[in-house]
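Residue-level structure breakdown
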Amino acid sequence: MKVLITGVSGYLGKILATRLLARGHEVIGMDRRPWPDMPRGIEMHRVDIRKRPAEAVFRERRPEVMIHMATLTHITAPREERYRVNLNGTKALFEHCHRYGVAQAIFIGRHTIYGAAPDAPLFRSEAEPPLAMTTFPALADLVAADLFAGAALWRWPELNTAVLRLVYTLGPSTGGTLASYLGGPRVPTVLGFDPLFQFMHELDAAEAILHALDARLRGVFNVAGPRPVPLSVLVRTTGRKALPLPEPLFDRMSGRFGLPDLPRGSRSHIKHSIVVDDRAFRKATGFDPAYDEQQTMESFRWA
Amino acid sequence: MLGLPPLVSKEVKEQVEKLELQFNEQGFDELGLDRQKLIYFFSFLRLFYRRYFRVKSFGIEQVPSHGRVMLVGNHTGGLPVDGGMVLASLLLDHEPPRLGHGMVEKFVANVPFLSYWWDRVGQFTGLPEHALGLLERDRVLVVFPEGVRGVGKLAQDGYELERFGTGFLRLALRTNTPVVPFAFVGGVEAMPTVLHLERVARALRVPYIPVTPYLVPLPLPLRCVIVYGEPMHFPGDGSESDEVIARWVGEVQARIRLLIEDGLRHRRELGP
């Protein structure tokens, strides 16, 4: 199959592209960033998903499948840029899919859109409304992108769309949101709170996307790996030291004394759990993660 | 030998090992329950169950050994020691032991330390999603349909029941869960609440601050009794009219009243 991957130069895009290539698919990559040691056989287009050259790739190359993972988080991009890429970019790509006869679209979303709050239920099903706009405003654009991608299901029924809400990934690439939070030797936590964190090995995440492709999955699905573990266990097992800060101090210490710079609102994600129920995805695709929680944490620790 | 009782009870440890829960290598189950914290938590509850209140359980065999079940009982005013003692009876006096899941008041989720301790021992915030999720996973749900109203009772109210909510019964019907009624007796005597500090409670954002005649808001070491009744089944799927549901809730309430009578009689026979 001819598969287009947007955001292919990201840590997960690279793994996915390499795997697809190994399985004999034709892989077209799209990214603004370079991929220095890209394997031979991948066709790379250094274009911006919002611009005309991106449409040209659809028109000239006619991919059968689009895997859209070119979304930005608050860690890498300022707000205006996020809105342009996450919202306008996603909109443009889905319109290209419709116009140029793409058969299948897979949007790679995040489980954090559900948002963390003291009165949120422990296990979030796909039917649960996303709360992140209120608890963590920096995620609002990702929430909107996720919902917009899901709207393709009724807007263009002939385009087989799957929205995958992936939990955090961890692995040897040390890429991703959770990895950047756990980046330093000391990880700031909120004193007296120890939420459950849900993550999966990055290779399992790529494998899950392949499962969605093979199953020609349609609909909105939570994707998770092993069981969640408390933050304290995550910090310890990845070889870090927790630095529990009293809540009033937390925002002031952020970004200082060698601690990561966390945006306002991220505190809610360090106080309360976001755990998703992934039973529907497992049932629909037969996906079963290969790495358990211990192996996943170790793979990141010793990377 | 003098000294403090051990932090970990051997009996509790053995019972926790026998629970029908799948703990992983790190000692967590699928809901994030922590085996080690369960042992500490129940060792603490056991002191109250066996020594302080010397709780006697009657009819514990009415609680099924496997599968989903909803335990429905009366709330005691003051400090809700009833929930903890019911949990202890299910773990210590039921064979095989079962882990009861209570529903915790929402404000607790924002209290440092309490927030995650309650989660790790299976006592989740009182949300319909939690109740449903627990029953779907074939767990034991402990419900006080009087809710916070029940905690607000004063000693002069005795064992009268406050209005029951109806959500629990619809949920039981929807999930095809048997309802086991129970009565907790002794709480009124152990914690004779004469009034509540309403203003202070509001300022601290907690539902109630009880005041006892001896001022300290702690229960007295008096005997408590728990009586479990036969499982109740209702022929419905939860889509019944409010009238039908209210009638069935009334039946559960009536059964609990009878069980309270039984409990008071048992308590008299056993002595304080």
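Whatever comes next refers back to the structure up there.
The following refers to the structure shown. Given the structure is predicted, the values throughout are model-derived calculations rather than measurements.

About the thresholds
Residues numbered from 1 in each chain as written. Chains lettered and ligands numbered in written order. Predicted model: local features only at pLDDT ≥ 70, side-chain atom pairs only at ≥ 80, totals over all residues. Helix = DSSP H or I, 4+ residues; strand = E, 2+ residues; numbered from the N terminus. Expected span 1.5 Å × (residues − 1). Buried ≥ 20, exposed ≤ 12 C-beta atoms within 10 Å, placed from the backbone. Contact = placed C-beta atoms within 7 Å. Nonpolar A, V, L, I, M, F, W, Y, C, P; charged D, E, K, R; others polar. Core = buried A, V, L, I, M, F, W, Y, C linked by C-beta atoms within 7 Å. Pairing = 2+ DSSP bridges. Right-handed = clockwise from strand over helix to strand, strands pointing away. Axes fitted to C-alpha atoms, helices over the stretch in contact; angles between N-to-C directions. Parallel < 35°, antiparallel > 145°, perpendicular 65-115°, else oblique.

1. Let's talk about helix α1 (residues 11-22) of chain A
Residue and element names in this part refer to chain A. In a regular helix each residue adds 1.5 Å, so 12 residues correspond to 16 Å; α1 covers 17 Å between its end C-alpha atoms and thus fits that length. Taken together, the buried positions of α1 are L12, G13, K14, I15, L16, A17 and L20. Summarising the contacts, the buried residues of α1 are in contact with β1 (2-6), β2 (26-30), β4 (65-68), β8 (168-170) and α7 (202-214). Of the residues flanking the end of α1, it is G24, one or two places downstream, whose phi is positive at about 90°.

2. Topic: the interface of chain A and chain B
Across the boundary between the two partners, chain A contributes 16 residues, which contact 20 residues of chain B. Residues that form the side of chain A that touches chain B fall into these classes: 11 nonpolar, two polar and three charged.

3. Let's talk about the nonpolar core
Core analysis: the biggest nonpolar cluster contains 156 residues, and L164(A), I209(A) and L71(B) have the highest contact counts within it. Of the residues forming this core, the biggest block, eight residues, is contributed by helix α3 (residues 81-92) of chain B.

4. Section: helix α10 (residues 242-270) of chain B
Residues and elements named next belong to chain B. Along its 29 residues, α10 runs 41 Å from first to last C-alpha, staying within 8% of the 42 Å computed at 1.5 Å per residue. Along α10, the residues that are buried comprise W248, V249, V252, I256, L259, I260 and G263. On its buried face, α10 is in contact with β2 (69-73), α7 (167-174), β7 (179-185) and β10 (225-228).

5. Looking at the pairing of strand β5 (residues 104-110) of chain A
Residue and element names in this part refer to chain A. Among the seven residues of β5, seven are classified as buried, and the element is accordingly described as predominantly covered. Neither face of β5 is left uncovered, since the one carrying Q104, I106, I108 and R110 and the one carrying A105, F107 and G109 both have all their residues buried. Pairing analysis gives four bridges linking β4 to β5, with the strands arranged parallel. Looking at β5, one finds that I67 is bridged to I106. For the handedness criterion, the β-α-β arrangement of β4, helix α3 (residues 79-99) and β5 is classed as right-handed. Pairing of β5 with strand β7 (residues 160-166) involves seven bridges; the strand directions are parallel. Looking at β7, one finds that Q104 is bridged to N160.

6. Here's the deal with the sheet that holds β10(B)
All names here are of chain B. The six strands lie next to each other as β1-β10-β7-β2-β6-β3, forming an open sheet whose pairing is mixed. In this open sheet, the two edge strands, each paired with only one partner strand, are β1 (56-58) and β3 (100-101). In this structure, β1 lies alongside β10, joined through three bridges in parallel fashion. Pairing of F58 across the sheet is with V227, part of β10.

7. Some thoughts on the packing of helix α2 (residues 35-52) of chain B against α3(B)
All names here are of chain B. Look at α2 against α3: their axes get within 9 Å of each other, and the N-to-C directions meet at 100°. Taken together, the axes of α2 and α3 are roughly perpendicular relative to one another. Along its contact with α2, which presents F42, L45, R46, F48 and Y49, the element α3 presents G84, M85, L87, A88, S89, L91 and L92. Residue classes in the contact of α2 with α3 are distributed as nine nonpolar, two polar and one charged.

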